[in-house]
Amino acid sequence: MKHLKWSVAAVALIGWGSLASATETLTMWYHGAGNEVESKIINQVIADFNASQTDYAVELQSFPQAAYNDSVTAGALAGNLPDILDVDGPNMPNWAWAGYMQPLAIDESKIANFLPGTKGMYNGKLYSIGLWDAAIALVTRQSTLDALSLRTPTLEQPWTAEEFEAALKAAKDSGKFKYALDLGMAWKGEWYPYAFSPFLQSFGGDIVDRSTYASAEGALNGEAAVAWGNWWQHLFTEGYAQADQDGADRDNGFGAGDYAFSWNGNWAALGALKAFDDTVFLPAPDFGNGPKIGAASWQFGVSAKSAHPEGAAKFIEFALQDKYLADFSNGIGLIPATPSAAAMVDNYKDGGPLSVFFGLSNAQGVLRPVTPGYVVQAKVFEKAANDIAHGADVAATLDAAVDEIDADIAKNNGYAAQ
Amino acid sequence: MASKFTQSNRTGWLMAGPAIALILAFVIAPFFLAVGFSFTNQRLVSPHPAEFTGLSNYRQLLGLGVLHLDPLTDAAGAVVLDDQGQPKLPELRKITRKNPDYPQFDGMREWFSWSSGEGRTYVLARDVVFMTAIVNTFIFVLVVAPLQGGLALGLALLINQRLRGINVFRAIYFMPVVVSIVVVSLLWSFIYNQNDGILNNILSAISFGAIPRIDWLGNPSTAMGAIIFMSVWQAVGFHMVIWLSGLQTISPTLYEAGAIEGASKWQTFRYITWPGLRNTAVLVLVVITMQAFGLFSQIDVMTKGGPLDSTQTIVFQAIQRGYGKQDISAGSAISVILFVIVLSVSLIQRYLTREKV
Amino acid sequence: MAQISQDNRGLRLVVRYTVLCLIAAIFSFPLIFMVISSLKPSQQLLADAHSFRALLPVGDISLNNYFDAFKRAPVALFVFNSVLVTGVTVIASLAVCSAAAFAFAFVKWKGRDLALTVILATLIVPFETIAIPLLLEASKLPWIGLDGITWGWLNSYRVQIVPFIADGLTIYLFVQYFKDLPGELIEAARVEGASWFAIYRRVVMPLSGPVLATAAILKFLVMYNQYLWPIMVTQEEQYRPVMVGLQYFFQLNRAWGEIMAYLSLITVPVLAFYLYLQKAFIASIASTGVKG
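Residues numbered from 1 in each chain as written. Chains lettered and ligands numbered in written order. Predicted model: local features only at pLDDT ≥ 70, side-chain atom pairs only at ≥ 80, totals over all residues. Heavy atoms only, no water.

Within chain A, the secondary structure is distributed over 16 helices and 15 strands. Along the longest, intermediate and shortest principal axes, the C-alpha atoms of chain A span 80 × 50 × 35 Å. Going through the 418 residues of chain A one by one, you find that 60% of them count as buried. A fraction of 74% describes how many contacts in chain A between residues 6 or more apart in sequence connect residues 24 or more apart. Of the accessible surface of chain A, which amounts to about 15000 Å², a share of 54% is contributed by carbon and sulfur atoms. Taken together, the 25 basic and 48 acidic charged side chains of chain A have centroids lying 4 Å from each other. (Helix = DSSP H or I, 4+ residues; strand = E, 2+ residues; numbered from the N terminus. Buried < 20%, exposed > 50% of the residue type's maximum accessible area, 1.4 Å probe, protein only. Contact = heavy atoms within 4.5 Å. Areas by Shrake-Rupley, 256 points an atom, 1.4 Å probe, with all protein chains shown as cover. Lys, Arg positive; Asp, Glu negative; His and termini not counted. Charge placed at Lys NZ, Arg CZ, Asp CG, Glu CD.)

Right, let's get into the overall build of chain B. Within chain B, the regular secondary structure consists of 14 helices and three strands. Expected size for 357 residues packed as a compact globule is a radius of gyration near 21 Å; at 27 Å, chain B overshoots this value by more than 25%. Counting only C-alpha atoms and orienting by the principal axes, one finds that chain B spans roughly 85 × 70 × 45 Å. Here chain B holds 357 residues, and 54% of them are scored as buried. Considering only residue pairs separated by 6 or more positions, chain B has 62% of its internal contacts joining residues 24 or more positions apart. Roughly 16500 Å² of accessible area belongs to chain B as shown, and the carbon and sulfur atoms make up 63% of that amount. The centroid of the 25 positive side-chain charges in chain B is displaced by 15 Å from the centroid of its 19 negative side-chain charges. (Rg over C-alpha atoms; globule rule 2.2 N^0.38 Å.)

Residues and elements named next belong to chain A. Pairing is mixed in the open sheet, where four strands are placed in the order S9-S10-S8-S11. Edge strands, defined here as strands with exactly one partner in the open sheet, are strand S9 (179-182) and strand S11 (279-282). Adjacent strand axes in the sheet meet at a mean angle of 20° when their direction is disregarded. In this structure, S9 lies alongside strand S10 (residues 259-265), joined through three bridges in parallel fashion. Bridging across to S10, Asp182 finds its partner in Ser262. (Pairing = 2+ DSSP bridges. Axes fitted to C-alpha atoms, helices over the stretch in contact; angles between N-to-C directions.)

What follows covers the sheet that holds strand S2 (residues 109-116) of chain B. Residues and elements named next belong to chain B. A sheet is described by the order of its strands in space; here three strands give the open sequence S1-S3-S2, paired in antiparallel fashion. Whereas interior strands pair on both sides, the edge strands pair on one side only; in this sheet they are strand S1 (64-69) and S2. For this sheet, the mean inter-axis angle between neighbouring strands, taken without regard to orientation, is 20°. Here S2 runs beside strand S3 (residues 119-125); their pairing, made up of seven bridges, is antiparallel.

Take the packing of helix H5 (residues 166-174) of chain B against helix H8 (residues 223-249) of chain B next. Residue and element names in this part refer to chain B. Two numbers describe how H5 lies on H8: the axes approach to 8 Å, and their chain directions differ by 140°. Taken together, the axes of H5 and H8 lie oblique to each other. Of the residues in H8, those touching H5 at Arg170, Tyr173 and Phe174 are Gly237, Phe238, Met240, Val241, Leu244 and Gln248. Its residues assigned to classes, the contact of H5 with H8 comprises six nonpolar, two polar and one charged. (Parallel < 35°, antiparallel > 145°, perpendicular 65-115°, else oblique. Nonpolar A, V, L, I, M, F, W, Y, C, P; charged D, E, K, R; others polar.)

Turning to the pattern of salt bridges, a few remarks are in order. Counted by the stated rule, this structure contains 29 salt bridges over all chains. Across the pair Arg210 of chain A and Asp206 of chain A runs a salt bridge whose closest N-O atoms are separated by 2.7 Å. Notably, a salt bridge pairs Arg72 of chain C with Glu258 of chain C, separated by 2.7 Å at the nearest N-O pair. Taken together, the residues span a long stretch of sequence, with Arg72 of chain C in helix H3 (residues 64-72) and Glu258 of chain C in helix H14 (residues 256-289) at a distance of 186 residues. If you follow the salt bridges from partner to partner, you end up with Glu217, Asp399 and Asp403 of chain A together with Arg93, Arg97 and Lys98 of chain B in one network. (Salt bridge = Lys/Arg side-chain N within 4 Å of Asp/Glu carboxyl O.)

Listed per partner, the contact involves 88 residues of chain B and 93 residues of chain C. Of the roughly 8000 Å² buried between chain B and chain C on both sides combined, carbon and sulfur atoms contribute 80%. One can count zero salt bridges joining chain B with chain C. Sort the elements by how many residues they give to the side of chain B that touches chain C and helix H1 (residues 9-37) of chain B lands first, with 21 residues. Taken together, the residues of the side of chain B that touches chain C break down into 64 nonpolar, 21 polar and three charged. (Buried area = accessible area lost by both parts, 1.4 Å probe.)

Next up on the list: the environment of Asn43 of chain A. If you trace the backbone, Asn43 of chain A turns up in helix H2 (residues 36-52). Sequence separation between Asn43 of chain A and Ala401 of chain A is 358 residues; the distance between their C-alpha atoms is 42 Å.

We now examine a nonpolar patch on the surface. Among the surface-exposed residues, Val135, Ile139, Val143, Leu147 and Leu151 of chain B lie close enough to one another that they form a single nonpolar patch of about 360 Å² accessible area. Position of Val143 of chain B relative to the elements: it lies in helix H4 (residues 128-159). (Patch = residues over 30% accessible without salt bridge, like charges linked within 9 Å, V, L, I, M, F, W, Y side chains within 5 Å.)

Turning our attention to the domain arrangement of chain B. We note that the domain assignment places domain 1 (65-125) and domain 2 (129-352) within chain B. Just the C-alpha atoms count here: the centres of domain 1 of chain B and domain 2 of chain B sit 41 Å apart. (Domains from an automatic or database assignment.)

All names here are of chain A. In the structure shown here, the tally under the stated rule is eight cavities of 30 Å³ or more. Here the largest cavity defines a volume of roughly 110 Å³. Residue lining of the largest cavity: 15 residues in total, with Gly89, Pro90, Ala296, Leu367 and Val370 positioned closest to the centre. For the lining of the largest cavity, the elements supplying multiple residues, two or more each, are helix H4 (92-97) and strand S5 (119-122). When residues of the lining of the largest cavity are assigned to their parent elements, the largest contribution, three residues, is made by S5. Looking at side-chain class alone, the lining of the largest cavity contains nine nonpolar, four polar and two charged residues. Approximately 100 Å³ is the volume attributed to the second largest cavity. (1 Å grid on protein atoms, 1.4 Å probe; cavity = no way out; pocket = protein on both sides within 12 Å on 5 of 7 lines; lining within 4 Å. Points joined across faces, edges and corners; volume = space filled by probe spheres on them.)

The next subject is the packing of aromatic side chains. All told, the structure shown has 77 aromatic pairs over all chains when counted by the stated rule. Consider the rings of Phe31 of chain B and Phe339 of chain B, whose centres lie 4.8 Å apart with planes at 45°: the pair is tilted. Residue Phe31 of chain B is found in helix H1, and its partner Phe339 of chain B is found in helix H14 (residues 328-352); the two are separated by 308 residues along the sequence. For Phe339 of chain B, a relative accessible area of 17% gives the class buried. Relative to Tyr239 of chain C, the ring of Tyr157 of chain C has its centre 5.0 Å away and its plane inclined at 85°; by these criteria the two rings are edge-to-face. In this pair, Tyr157 of chain C is assigned in the loop between strand S2 (148-151) and helix H7 (158-161) and Tyr239 of chain C in the loop between helix H12 (228-233) and helix H13 (242-246), connecting sequence segments 82 residues apart. (Phe/Tyr/Trp six-rings, centres within 6.5 Å; stacked < 30°, edge-to-face > 60°.)

Here the focus is the interface of chain A and chain C. At the interface, 23 residues of chain A touch 24 residues of chain C. On the surface where chain A and chain C come into contact, there are zero salt bridges. Put simply, chain A and chain C have five residue pairs in polar contact (both at pLDDT 80 or more) between them. Of all the secondary-structure elements, those providing two or more residues to the side of chain A that touches chain C are strand S2 (56-62), helix H3 (65-77) and helix H9 (247-252) of chain A. Residue classes in the side of chain A that touches chain C are distributed as 12 nonpolar, eight polar and three charged. (Polar contact = N/O pair within 3.5 Å; in protein donor to acceptor, adjacent residues only side chain to side chain.)

Note the cis peptide between Gly306 of chain B and Pro307 of chain B, where omega equals -15°. Tracing the chain through its elements places Pro307 of chain B in the loop between helix H12 (297-302) and helix H13 (314-324). We note that Asn155 of chain C has phi near 55°; this positive angle belongs to a residue other than glycine. Looking at where Asn155 of chain C falls in the secondary structure, it is placed in the loop between S2 and H7.

Let us look at a positive patch on the surface. There is a patch of like positive charges on the surface, built from Lys265 of chain B together with Arg9, Arg12 and Arg16 of chain C. Per element, the largest residue contribution to the positive patch is three residues, and it comes from helix H1 (residues 2-37) of chain C. With respect to the helices and strands, Lys265 of chain B occurs in helix H10 (residues 265-276).

Quick look at H10 of chain B now. Residues and elements named next belong to chain B. Its 12 residues place the ends of H10 15 Å apart at the C-alpha level, agreeing with the 16 Å of an ideal helix rising 1.5 Å per residue. What H10 keeps buried is the set Thr268, Phe269, Ile272 and Thr273. Projection of H10 onto a plane perpendicular to its axis shows the buried side chains occupying an angular sector of 125°, all on one side. Turned more than 90 degrees away from the buried face of H10, the exposed residues are Trp266 and Tyr271. (Expected span 1.5 Å × (residues − 1). Arc of directions from axis to C-beta.)

Now for the pairing of S5 of chain A. Residues and elements named next belong to chain A. Of the two faces of S5, only one is covered, namely that formed by Gly120 and Tyr122; the face formed by Lys119 and Met121 stays uncovered. Bridge count for S5 against strand S6 (residues 125-129) is four bridges, and the pairing is antiparallel. Paired with Gly120 across the two strands is Ser128, which belongs to S6. Between S5 and S6, which pair antiparallel one after the other, the connecting turn spans two residues, and Asn123 there sits at a positive phi close to 50°.

Put into structure tokens, the structure is as follows:
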């Protein structure tokens with residue numbers, strides 16, 4: 001913003017004549033600090049954009065991911081947001097509702113072929129767009145499937161609840177693994193709703209009633225939800241999975257052969273392939289309402305306070321080129337947002353080792369609840385899932401979660417628009 | 001003291017003025033702002049302006065109720081038994097959730113309960129997690145204050161001897177104090193690691209496998225204990241040094257007199273050392289208590305309040321609501337409640353440790 | 001007889017040193033673990049953490065983690081920022097708080113008791129609980145600088161320094177210490193016509209070495225370990241301190257070797273500084289602590 005003021009002052013000083021050729025500075029915040037590869041790619045995109053035209057110059061400020069959301073909130077409170085910011089998909093409605101972001105004016109046709117999870121729609125308007133999506137698979141080894149004589153599930157024919165149960169039991173009974181299933185319990189925070197609420201949805205429940213977004217009653221404590229809770233709890237009481245996991249076990253346990261199955265994202269897929277060349281990525285099991293995984297990753301949007309939304313949109317449009325989608329995918333292993341970009345990436349092109357994730361994202365991806373209240377609901381769900389895993393009474397825990405979510409919605413006037 | 005030499009309004013305000021102004025601006029003003037927030041529905045993130053809501057945040061946090069349930073009876077008036085042959089009680093959730101007959105209990109949950117007569121008496125709380133946080137915080141303070149103070153005194157006595165190289169030991173015992181609590185918490189997460197962390201390995205080795213491996217931070221019955229141990233480990237060196245200073249101010253002639261009278265070691269401590277440490281004891285107690293009430297970083301890094309709320313604390317809840325759940329008004333109300341609690345405790349401490357003339 | 005008591009004393013000495021060493025082991029092993037781990041590749045570090053190898057520099061030992069840490073984050077910048085912010089705050093705090101304590105301890109003035117009571121009450125307010133109101137306030141404060149009056153303190157060193165200069169605990173420490181200084185010294189200086197400021201500078205401060213050191217250490221530790229506040233107020237990398245820098249290392253797949261290297265990097269200088277000053281530290285804390 002300071003730079004903006006300077007350039008405005010510069011324009012005023014030069015005055016007549018040169019107004020049209022002045023370059024406006026656009027500030028941008030991004031969550032990639034500390035990730036060398038990611039920083040390099042985003043810097044390249046910005047450099048290319050700045051070289052491609054003279055109207056705008058984008059300037060980047062990187063934040064460590066773990067502190068990014070807090071920084072944006074603090075920046076917004078202090079009236080200090082940049083022009084362009086990146087936002088984790090499920091947080092977007094909250095920021096849009098709060099007035100941090102404005103609708104993103106880019107050509108709809110440009111994103112027609114983008115994966116559904118990359119489009120940040122709220123109240124019927126596009127606010128953010130992702131260059132990639134992420135997807136979760138049940139990671140295992142072909143040799144494990146063979147040894148336990150398990151059918152290899154497919155997108156068309158995923159495992160049923162019974163098949164999944166039998167697989168876990170077989171893995172446990174084989175005695176070859178410390179635990180049958182690595183759920184990633186070590187990754188506290190957004191991982192819980194992202195990775196585990198799709199199970200709940202597959203059971204027929206949800207974090208909140210999506211028809212109104214006015215209550216969680218019935219969705220999170222109805223019959224389907226309680227069935228999910230009981231199933232979730234039995235994973236731990238049966239000893240299939242550990243309720244408390246060490247971060248190091250999460251990172252290295254599968255590779256070390258401690259787990260038969262690992263519920264993990266595509267970003268960890270290359271590591272798994274490196275550990276075992278017969279690693280396979282299986283689709284989510286179907287618990288009755290179809291197989292589901294979480295969708296939406298980080299996306300770009302325009303801050304509400306930006307004085308140059310058209311410039312910001314122009315930059316985002318520029319970044320949506322297939323070659324950048326491919327660069328990000330090559331660099332950090334994410335799923336390119338378009339089929340044409342996927343074809344440019346060795347891992348994701350047809351027959352590539354990770355191409356299965358493109359199909360998973362397309363076929364099974366479910367957005368987390370698209371409501372400003374999601375930020376709170378995610379925390380409530382995380383606590384409920386964690387408590388149930390540690391043996392809390394299922395019905396009482398889910399009731400309490402519903403009460404907390406409903407109280408929050410009420411406290412925010414139903415999260416009505418301003 | 002109040003002679004003409006010591007009276008000067010101008011000097012007083014001139015020298016204390018900067019500090020007073022800074023504290024007013026950066027501690028007291030924000031604190032009163034927080035007090036103000038606690039009477040509204042102020043959000044961290046919202047397009048809506050805050051509204052005055054009176055005491056509702058406090059009611060929500062502190063609301064309690066007592067309910068007695070009698071066993072269900074069938075048409076004949078006989079007590080209905082459940083599968084285990086126990087008298088069957090009405091379902092609590094049917095009473096506390098949207099039941100028009102019990103509006104006063106709406107939204108409450110069981111905090112704790114006990115059998116009474118045929119039925120059961122329940123203490124209900126509107127915010128069970130916060131109640132748990134208050135209890136946990138008090139447990140932490142009540143354990144840590146004497147434990148840390150006592151161990152520190154023991155270390156001080158140990159280190160207060162004339163031995164070659166004693167300064168090296170002094171330095172080592174003080175070392176954890178200078179390491180950030182965040183760093184300490186990260187390291188101890190490794191050490192406590194469930195199955196094969198360093199601690200379990202050491203315990204297993206020195207007991208020849210007799211001590212079972214424990215998931216220290218993942219078990220509700222050990223998590224708070226593990227955090228207490230680590231907190232004491234980190235801070236005890238500081239209080240050791242304060243005790244040490246107290247020890248060194250006790251006149252050696254007193255000890256000589258004691259030796260001549262043939263006092264035992266215990267008598268020497270009881271009648272010479274301890275009375276000489278009175279002021280020190282007050283300082284140590286007050287400082288530990290204040291710090292213990294602020295328990296937050298360890299929780300945030302290691303357990304996030306879990307498992308099953310066994311490590312929830314007041315400050316962690318204040319932060320969790322204010323930032324995590326974007327509810328500044330509830331977070332502020334918690335801060336005010338904490339302020340009142342600590343103020344009361346320190347007034348009580350002051351009364352109990354007053355000079356008895 | 002003499003022989004036996006000699007042996008006895010020797011045995012007691014052995015016991016004493018054994019106890020001292022055991023306790024020393026308890027206090028130092030986590031830090032040894034940290035430094036040793038920083039020399040190992042992440043995979044080995046995690047495998048070793050499951051046994052006593054965690055405390056031994058065995059296997060693939062190198063400084064690679066340190067080089068990688070410098071590549072991942074501007075470590076030197078973060079350390080510089082922390083040292084600058086900490087240093088300035090400590091010095092300013094000593095000046096402002098000791099002057100205030102002098103006024104509280106030696107001078108009688110209207111409002112003194114009330115002011116002291118209020119300042120002591122602030123000891124009870126945990127910083128976390130006032131952070132957001134303070135952020136709202138700091139974002140609107142004026143500042144007079146080279147480019148005239150500007151509004152808002154975000155993204156600066158001053159926003160990390162000024163709010164922390166005066167605090168109740170530091171003032172309390174000074175007041176307690178000053179109260180035990182011989183009052184006759186002050187009276188005598190007044191009789192001789194010395195100004196208050198001269199007494200503060202020439203009589204009281206020279207006697208205050210111990211309390212200055214204590215207050216400096218306490219403030220240093222608080223400031224160097226700041227985390228929540230800098231996250232809220234430094235959107236630009238150039239102002240970030242070490243604890244915010246730690247977040248650069250918490251990527252999805254954590255590079256534990258680098259994390260240990262970074263932790264060692266930011267901790268070892270403080271430890272070294274402490275060891276260097278330890279005699280003064282302990283002597284000073286020792287001589288102020290007693291006056292609670």
